[in-house]
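The lines below spell out each chain.
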Amino acid sequence: MEFRGLKTNMFVLLLMLFSSWVCYLEATVSYDHKAIIVSGRKRILISGSIHYPRSTPQMWPDLIQKAKDGGLDVIQTYVFWNGHEPSPGKYYFEDRYDLVRFIKLVQQAGLYVNLRIGPYVCAEWNFGGFPVWLKYVPGIEFRTDNEPFKAAMQKFTEKIVCMMKAEKLFETQGGPIILSQIENEFGPVEWEIGAPGKAYTKWAAQMAVGLDTGVPWVMCKQDDAPDPVVSNS
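Because the structure is a prediction, the values reported are computed rather than measured.

Regarding the sheet that holds strand E1 (residues 29–31)
Pairing is antiparallel across the open sheet formed by 3 strands, whose spatial order is E1-E2-E3. Since the sheet does not close on itself, it has two edges, and those belong to E1 and strand E3 (41–43), each with one partner. On average, each strand axis in the sheet is inclined to that of its neighbour by 35°, with strand direction left out of account. Here 3 bridges tie E1 to strand E2 (residues 36–38), and the two strands are oriented antiparallel to one another. By the bridge assignment, Val29 is partnered in E2 with Val38.

As structure tokens, this is what we get:
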């Protein structure tokens, strides 16, 4: 009887492992040039913005619930570099800059997240979200094919993506993030500066995709976003 019970327990354990493996495979987000596909279903999603630093953590649950009550499926937010890295290598993710807490509250409300990392955000925000110290980096030129800028941008982007992965916040990990955005409204800038802008767009797309988030990346106001990044006008 004990041997039979052992076999039964082993079978149940294997069944549970197989079920969790199947669920993991099904938890995918993709884009087929027509629609976002979440776990095998094409979705029409309505999104709206809540910028976490523009309110206090105490206000977040009510704001998120009101967004849900208003019919939103997705909360999108920029990630504000100057608030998170006020000096080089010194990071801040507390109080109204507690990005992880904000995203988990969105998840608790049953909504998805579009994480617009940028890290240039515009957003009527001081210096477009860039930290002031960035302008004093030797040889830097913003938002073009410039090595000092690309190095700083990649470092911050990787920091955010690694935090999200560590907290299992991407949809493929069971979290609410179904999209991430790299750069922001760069298309008109690219058109103006020409070849260096195109090279920068290609680099930013490849850098983002290489971070292997498991969810699509988008570029806002970028009609020629390199595949597989989603163009968003």
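A look at the nonpolar core
Note on soluble globular proteins: their nonpolar side chains tend to be buried together. Core analysis: the largest hydrophobic core is formed by 66 residues, its most contacted members being Ile64, Phe102, Ile103, Leu115, Ile160 and Met164. Tallying contributions element by element places helix H5 (residues 147–166) first for this core, with 8 residues.

Overview of helix H4 (residues 99–108)
For H4, every residue scored as buried is listed here: Leu99, Val100, Phe102, Ile103, Leu105 and Val106. Considering only its buried residues, H4 is in contact with helix H2 (60–69), strand E5 (74–78), helix H3 (81–84), strand E6 (112–118), H5 and strand E7 (177–182). Directly after H4, the chain includes Gly110, whose backbone phi takes a positive value near 80°.

Considerations on the packing of H2 against H4
Across the interface, H2 lies against H4 with an axial gap of 10 Å and an inter-helix angle of 40°. Considered as vectors, H2 and H4 are oriented oblique to each other. The element H2 and its partner H4 pack so that their crossing is right-handed. For the pair formed by H2 and H4, the contact residues are Trp60, Pro61 and Ile64 on the first element and Arg101, Phe102, Leu105 and Val106 on the second. Broken down by class, the residue content of the contact of H2 with H4 amounts to 6 nonpolar, no polar and 1 charged.

Some words on the state of the cysteines
One pass over the full model with this rule turns up 0 disulfides. Just so you know, Cys122 is unpaired, no disulfide at all, and the nearest cysteine sulfur is the one on Cys220, 9.9 Å from it. On the basis of relative accessible area, Cys122 is assigned to the partly exposed category, the value being 26%. On the basis of relative accessible area, Cys220 is assigned to the buried category, the value being 12%.

Focus on the confidence of the model for the protein
Low-pLDDT stretches of the model should not have their predicted coordinates read in fine detail. On average, the protein scores 89 in pLDDT, and the residues at 70 or more come to 88%. Predicted confidence is poor over residues 1–26, with pLDDT under 50, and the contacts of this stretch with residues over four places away or in other chains come to 2 contacts.

Quick look at the pattern of salt bridges
Evaluated as defined, the whole model comprises 8 salt bridges. In this structure, Glu167 and Lys104 form a salt bridge, with 2.8 Å as the shortest nitrogen-oxygen distance. Separated by 63 residues along the polypeptide, Glu167 in the loop between H5 and E7 and Lys104 in helix H4 bring together distant segments of the chain. Note on Glu167: relative accessible area 35%, which makes it partly exposed. When the shortest N-O distance is used, the salt bridge between Arg143 and Glu183 registers 2.7 Å.

Considering the sheet that holds strand E8 (residues 217–220)
Sheet architecture is open: 6 strands sit in the order E4-E5-E6-E7-E8-E9, paired in parallel fashion. Single-partner strands in this sheet number two, and they are strand E4 (47–49) and strand E9 (230–232). Put simply, the sheet's adjacent strands are angled 30° from each other on average, direction ignored. Pairing analysis gives 3 bridges linking E4 to E5, with the strands arranged parallel. Bridge pairing links Ser49 to Gln76 in E5.

Details of the pairing of E5
Consecutive side chains of a regular strand alternate in pointing toward one face of the sheet and then the other. When you tally the buried positions in E5, you get 5 out of 5 residues, the bulk of the element. Across the two faces of E5 the burial is the same, with Val74, Gln76 and Tyr78 and Ile75 and Thr77 all buried. As a crossover connection, the stretch from E4 through H2 into E5 is right-handed.

Section: a nonpolar patch on the surface
Together, Phe127, Val132 and Tyr136 give the surface a local cluster of nonpolar side chains, amounting to about 320 Å² of exposed area. Tracing the sequence through the fold places Phe127 in the loop between E6 and H5. With relative accessibility at 34%, the residue Phe127 sits in the partly exposed group.

About the cut-offs
Residues numbered from 1 in each chain as written. Predicted model: local features only at pLDDT ≥ 70, side-chain atom pairs only at ≥ 80, totals over all residues. Heavy atoms only, no water. Pairing = 2+ DSSP bridges. Helix = DSSP H or I, 4+ residues; strand = E, 2+ residues; numbered from the N terminus. Axes fitted to C-alpha atoms, helices over the stretch in contact; angles between N-to-C directions. Core = buried A, V, L, I, M, F, W, Y, C linked by side-chain atoms within 4.5 Å. Buried < 20%, exposed > 50% of the residue type's maximum accessible area, 1.4 Å probe, protein only. Contact = heavy atoms within 4.5 Å. Parallel < 35°, antiparallel > 145°, perpendicular 65-115°, else oblique. Left-handed = near helix turned anticlockwise from the far one by under 90°. Nonpolar A, V, L, I, M, F, W, Y, C, P; charged D, E, K, R; others polar. Disulfide = S-S within 2.5 Å. pLDDT = per-residue confidence, 0-100. Salt bridge = Lys/Arg side-chain N within 4 Å of Asp/Glu carboxyl O. Right-handed = clockwise from strand over helix to strand, strands pointing away. Patch = residues over 30% accessible without salt bridge, like charges linked within 9 Å, V, L, I, M, F, W, Y side chains within 5 Å. Areas by Shrake-Rupley, 256 points an atom, 1.4 Å probe, with all protein chains shown as cover.

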